[in-house]
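Each chain is listed here by its residues.
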Amino acid sequence: AQSVTQLGSHVSVSEGALVLLRCNYSSSVPPYLFWYVQYPNQGLQLLLKYTSAATLVKGINGFEAEFKKSETSFHLTKPSAHMSDAAEYFCAVTRISGNTPLVFGKGTRLSVIA
Amino acid sequence: EPEVTQTPSHQVTQMGQEVILRCVPISNHLYFYWYRQILGQKVEFLVSFYNNEISEKSEIFDDQFSVERPDGSNFTLKIRSTKLEDSAMYFCASSVAGGLADTQYFGPGTRLTVL
């Protein structure tokens with residue numbers, strides 16, 4: 001079975017600092033990986049996805065993630081945090097069968113300090 | 001920009017009561033999903049739906065749960081007899097197609113509280 005582990009339920013950074021949110025996956029076959037963001041009182045919004053094309057994936061709002069097979073990781077980064085980045089971030093992996101339901105991590109809440 | 005909508009945003013019910021959670025998927029999408037997140041836990045897949053039938057369901061989706069697309073625009077999740085452990089945030093999602101890399105678009109969720 002596929003699974004995702006997000007290290008750190010809460011990450012706090014200063015405005016302008018590097019954002020690093022960690023995601024490790026477990027999969028017996030090459031996965032497709034996703035990062036979603038949830039702002040307060042809103043739905044999950046896709047930030048970016050890895051679908052086996054390029055290992056470095058660029059998403060919206062200046063975020064990017066690098067797929068590292070050797071480390072089974074798909075960490076999310078942003079060079080400079082903005083106050084508006086404060087939200088809950090979810091890493092997810094597709095299952096290999098069925099109608100592609102997503103398998104999610106527990107989420108990481110990002111706080112940005114002025 | 002089209003979006004998935006869900007109603008109500010918050011539902012409070014007594015244990016044993018039936019609840020219906022409603023979703024309006026994006027209009028040209030063909031695949032629909034329900035997920036839930038119990039407070040402090042992972043977002044979990046419940047069921048996927050295509051062409052008016054269930055495509056896949058998880059172990060969570062037992063006989064107490066059912067889904068329906070009653071009128072071509074709404075997509076509903078019914079819980080027949082709610083339990084305390086059904087308290088969670090329920091997310092609806094939809095996608096154009098059901099391929100491995102197809103993006104699922106999520107609604108804002110319905111928070112269900114069972115007393």
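Residues numbered from 1 in each chain as written. Chains lettered and ligands numbered in written order. Predicted model: local features only at pLDDT ≥ 70, side-chain atom pairs only at ≥ 80, totals over all residues. Heavy atoms only, no water.

**What about the pairing of strand E6 (residues 53-57) of chain B?**
Residues and elements named next belong to chain B. Let me state the cut-off plainly: We treat two strands as partners when DSSP finds at least two bridges between them. A run of H or I in DSSP counts as a helix once it spans at least four residues, and a run of E counts as a strand once it spans at least two, with each numbered from the N terminus.
Bridge count between strand E5 (residues 43-50) and E6: four bridges; the pairing is antiparallel. Pairing of Val-47 across the sheet is with Lys-57, part of E6. Here E5 hands over to E6 after two residues, with Asn-51 in that stretch at a positive phi of 55°.

**Brief notes about the sheet that holds strand E1 (residues 3-7) of chain A**
Backbone hydrogen bonds are what pair the strands of a sheet, in a parallel or an antiparallel way. Residues and elements named next belong to chain A. For clarity, the cut-off: Between N-to-C directions, angles span 0 to 180 degrees; the directions come from axes that are lines fitted to C-alpha atoms, helices contributing only their stretch in contact.
Taking strand neighbours across the sheet as the criterion, the five strands line up as E1-E3-E8-E7-E6 in an open arrangement whose pairing is antiparallel. In the strand order of this sheet, the two ends are held by E1 and strand E6 (56-58), each with one partner. Pairwise comparison of adjacent strand axes, ignoring direction, gives a mean angle of 20° for this sheet. Relative to strand E8 (residues 73-78), strand E7 (residues 64-68) runs antiparallel, the two sharing five bridges. Looking at the pairing, Glu-64 lines up with Thr-77 of E8.

**Describing the state of the cysteines**
Residue and element names in this part refer to chain B. Selection rule: Cysteine sulfurs are considered disulfide-paired once they come within 2.5 Å of each other. Buried means the residue's accessible area, taken with a 1.4 Å probe over protein chains only, is under 20% of the maximum for its type, while exposed means over 50%, and partly exposed covers the values in between.
Summed over the entire model, instances satisfying the criterion amount to two disulfides over all chains. The side chain of Cys-23 participates in a disulfide bridge whose partner is Cys-92; the two sulfur atoms lie 1.9 Å from each other. Disulfide Cys-23-Cys-92: the torsion about the S-S bond is -65°, which places it as left-handed. Of this pair, Cys-23 sits in strand E3 (residues 19-24) while Cys-92 sits in strand E9 (residues 88-95), placing them 69 residues apart in sequence. No difference in accessibility class separates Cys-23 from Cys-92, as the two residues are buried.

**A few points about the layout of surface pockets**
Where we set the bar: With a 1 Å grid spanning the protein atoms alone, the term cavity applies to any set of points in which a 1.4 Å probe fits but cannot get out, the term pocket to an open set with protein on both sides within 12 Å along at least five of seven lines, and the term lining residue to any residue with an atom within 4 Å of a point. Grid points are joined across faces, edges and corners, and a volume is the space filled by probe spheres set on the points. For this scheme, ten residues count as nonpolar: Ala, Val, Leu, Ile, Met, Phe, Trp, Tyr, Cys and Pro. Four count as charged, namely Asp, Glu, Lys and Arg, and the remainder, Gly too, count as polar.
As a volume, the largest pocket reaches approximately 440 Å³. In terms of lining, the largest pocket is formed by 26 residues, of which the most central are Gln-38, Glu-88, Phe-90 and Arg-109 of chain A together with Gln-37 of chain B. Counting only elements with at least two residues in the lining of the largest pocket, the list comes to E1 and strand E9 (87-94) of chain A together with E9 of chain B. The residue makeup of the lining of the largest pocket, split by class, is 10 nonpolar, 11 polar and five charged. Volume-wise, the second largest pocket comes out at about 350 Å³. Counting residues per element, the ones that place at least two in the lining of the second largest pocket are strand E5 (44-50) of chain A together with strand E10 (105-106) of chain B. If you tally residues by element for the lining of the second largest pocket, the top one is E5 of chain A, at three residues.

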